[in-house]
Amino acid sequence: MNTPPSPARTLPLLVSGARSGTAPLTWSQRLQWNDTEWMKPHDHHFNHVKVLDLPEGVTEAAVADAVATVAGRHEALRTRYRTDRDGTPVQVLEATVTLPLEVHRTPGAEADPAAEAARLAEAKRGTRFDLATELPLRVALLEHGGRPDRLVVVASHVTLDHAGLVLLSQELDALLQGRTTPAELAPVTHQHLDQERAEASPRGRGRSEAALAHWEEVLRAAPATLFDPPAGDPPPLDHPDRFGQVTLVSPALALATGTLAVRLGTSSTTVLMAALHSVLGTVTGRPGVPLRLIASNRGLPELRDLVGIAFGSCVTLVRTAGEDFPDVVRATGSAAMRAYRRAQCDPVALAALKARVGAERGVPEVELTCGFNDMRPPRTEAATTAGEILALLPRTETAWDGPRPRQEARLWYWAQDADGADVHHALVDLWYLPRERARALLLEVERLVVDAAVRGLPDA
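Residues numbered from 1 in each chain as written. Predicted model: local features only at pLDDT ≥ 70, side-chain atom pairs only at ≥ 80, totals over all residues. Heavy atoms only, no water.

What about the nonpolar core?
Within the largest apolar cluster, 57 residues are counted, with the highest numbers of intra-cluster contacts made by Leu280, Phe325, Ile389 and Leu411. For this core, the leading source of residues is helix α12 (residues 435-455), giving 10 residues. Excluding residues within four positions of it along the chain, Leu280 makes contact with Phe227, Gly285, Val289, Leu291, Cys370, Leu411 and Leu441. If you look at the next biggest cluster of nonpolar residues, it comprises 31 residues, including Ala66, Ala71, Leu135 and Val139. (Core = buried A, V, L, I, M, F, W, Y, C linked by side-chain atoms within 4.5 Å. Buried < 20%, exposed > 50% of the residue type's maximum accessible area, 1.4 Å probe, protein only. Helix = DSSP H or I, 4+ residues; strand = E, 2+ residues; numbered from the N terminus. Contact = heavy atoms within 4.5 Å.)

If you want it as structure tokens, here you go:
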């Protein structure tokens, strides 16, 4: 972790909202709280960060007013997380809080404010939140040449997911750029306390029970174990050689996934997910490997504009042994739709279900140690000839990034967009998937999708 620089001064912002209260965590909060607790002391890796450019002429007072406005409107930003006498986590919302706004200065007129803001953001993101005592939001104003230049926003993942951070950033930016006033902001009608009550209602419990039924179906059909352990004793989870990440940048894979998606009438995410299902089946020797997915749950109207956390965990299981890849893509699309519709679930009840099914199957827990998350924008670019895709293959690059902090997963595959290029990552437990094996897995995903895409195209 980085040591955050000391601010030139700190402005205490008095922030007030309409209500206070203590309640159990929402399902999304509890899901992320569990992961955050397990990751300690490395849980700072979950923190979200955003740097906002400030317009010419904006004042320090205007920045303070904008921050206080959004923190007053959105209860997630005024919530602490504590445990009751039984050790159960609860959310504690306060109507009035003091939020520190740190003011930092660039070292001089010749300094690059963008680079200085990036360093400040990384230092702030790299510091753990004490969620029991600290508000889950950090804000730091960077001055350059005597005027406000950048605003750094850091939030705990327990209180904001990626979509929540985007909504928060958009609202702050609209206020700071003068596109709207506090009085013109849309009323906030659904927050975490409201969501907790909705989940405790008969309708909410029914949603959870439907999701648990889907999970149980997968837990009973999935292989009890996925990876055959190597001989010997594994290094400790916090050993620097235990976890790492292999990255692949492949313009050919990007074009191939779009081409197959258009051809098969599906999304590039489904194509990529299907390829991972297929390759993991080959790597593990299992007829089908379950994949844990992240669902935003933002399709529900009450969660669409929530500045908070709304995501859920769900799972797919697709048989890949002996199946043609286009059929795997179609099956994956159907499985993913079923899973995403069953992504609102009580994590405590799910943990009990996993333990019960595992005991019945003779294992501590059915192994769900592979995950997938596609953070790319939709890809619809399609090649008209095989040559267009094949010509891009020499531009494929792989790189190693390690060590990484402990993970619960054996493999977490995630993809992102970086300046218009698709970047694929395999965050792996090196005891089960050493570097070259992990690299080969990424390249096999590329080969499988590229081969399927060019198979239906003319050569030139």
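On we go.
Concerning the environment of Pro236
You can see Pro236 is positioned in the loop between α6 (202-221) and β9 (243-249). Considered as a pair, Pro236 and Arg406 are 170 residues apart in the sequence and their alpha carbons are 9.2 Å apart.

Some words on the packing of helix α8 (residues 268-284) against α12
Put simply, α8 and α12 touch, their axes get as near as 9 Å, and they point 130 degrees apart. The pairing of α8 with α12 is recorded here as oblique in orientation. Considering how the two elements wind past one another, α8 and α12 form a crossing that is right-handed. On α12, the residues touching Val271, Leu272, Ala275, Leu276, Ser278, Val279, Leu280 and Val283 of α8 are Arg437, Leu441, Glu444, Val445, Leu448 and Val449. Its residues placed into classes, the contact of α8 with α12 shows 11 nonpolar, 1 polar and 2 charged. (Axes fitted to C-alpha atoms, helices over the stretch in contact; angles between N-to-C directions. Parallel < 35°, antiparallel > 145°, perpendicular 65-115°, else oblique. Left-handed = near helix turned anticlockwise from the far one by under 90°. Nonpolar A, V, L, I, M, F, W, Y, C, P; charged D, E, K, R; others polar.)

Examining the sheet that holds strand β1 (residues 9-16)
Spatial strand order, β1-β6-β7-β8-β3: 5 strands in an open sheet with mixed pairing. This sheet does not close on itself; its edge strands, each paired only once, are β1 and β3 (48-53). Neighbour-to-neighbour, the strand axes of the sheet open up by a mean angle of 25 degrees, direction not taken into account. Sheet analysis places strand β6 (residues 96-105) next to strand β7 (residues 137-144), joined by 5 bridges and oriented parallel. (Pairing = 2+ DSSP bridges.)

A word on the packing of aromatic side chains
Under the criterion given, the structure shown has 2 aromatic pairs. In this structure, Arg138 packs its charged tip against the face of Phe129, placed 3.7 Å from the ring centre. If you follow Arg406 out to its NZ or CZ, it ends over the ring of Trp38, 5.2 Å from the centre. (Phe/Tyr/Trp six-rings, centres within 6.5 Å; stacked < 30°, edge-to-face > 60°. Lys NZ or Arg CZ within 6 Å of the ring centre and 35° of its normal.)

What to know about unusual backbone geometry
For the bond running from Lys40 to Pro41, omega is 5 degrees, close enough to zero to count as cis. Relative to the assigned elements, Pro41 resides in the loop between α1 (27-39) and β3. The peptide bond linking Gly402 to Pro403 adopts the cis configuration, its omega dihedral lying at -5 degrees. The backbone of Asn297 shows a phi angle near 60 degrees, a positive value even though the residue is not glycine. By secondary structure assignment, the location of Asn297 is in the loop between β10 (291-295) and β11 (312-316).

Some points on the packing of helix α7 (residues 251-264) against α12
Two numbers describe how α7 lies on α12: the axes approach to 9 Å, and their chain directions differ by 45 degrees. On the basis of the axis angle, α7 is oblique to α12. Here α7 and α12 pass one another in a crossing that is left-handed. Contacts between α7 and α12 involve Ala252, Leu253, Ala256, Thr257, Thr259, Leu260 and Arg263 on the former and, on the latter, Val445, Glu446, Val449, Val450, Ala452 and Ala453. Of the residues contributing to the contact of α7 with α12, the split by class is 9 nonpolar, 2 polar and 2 charged.

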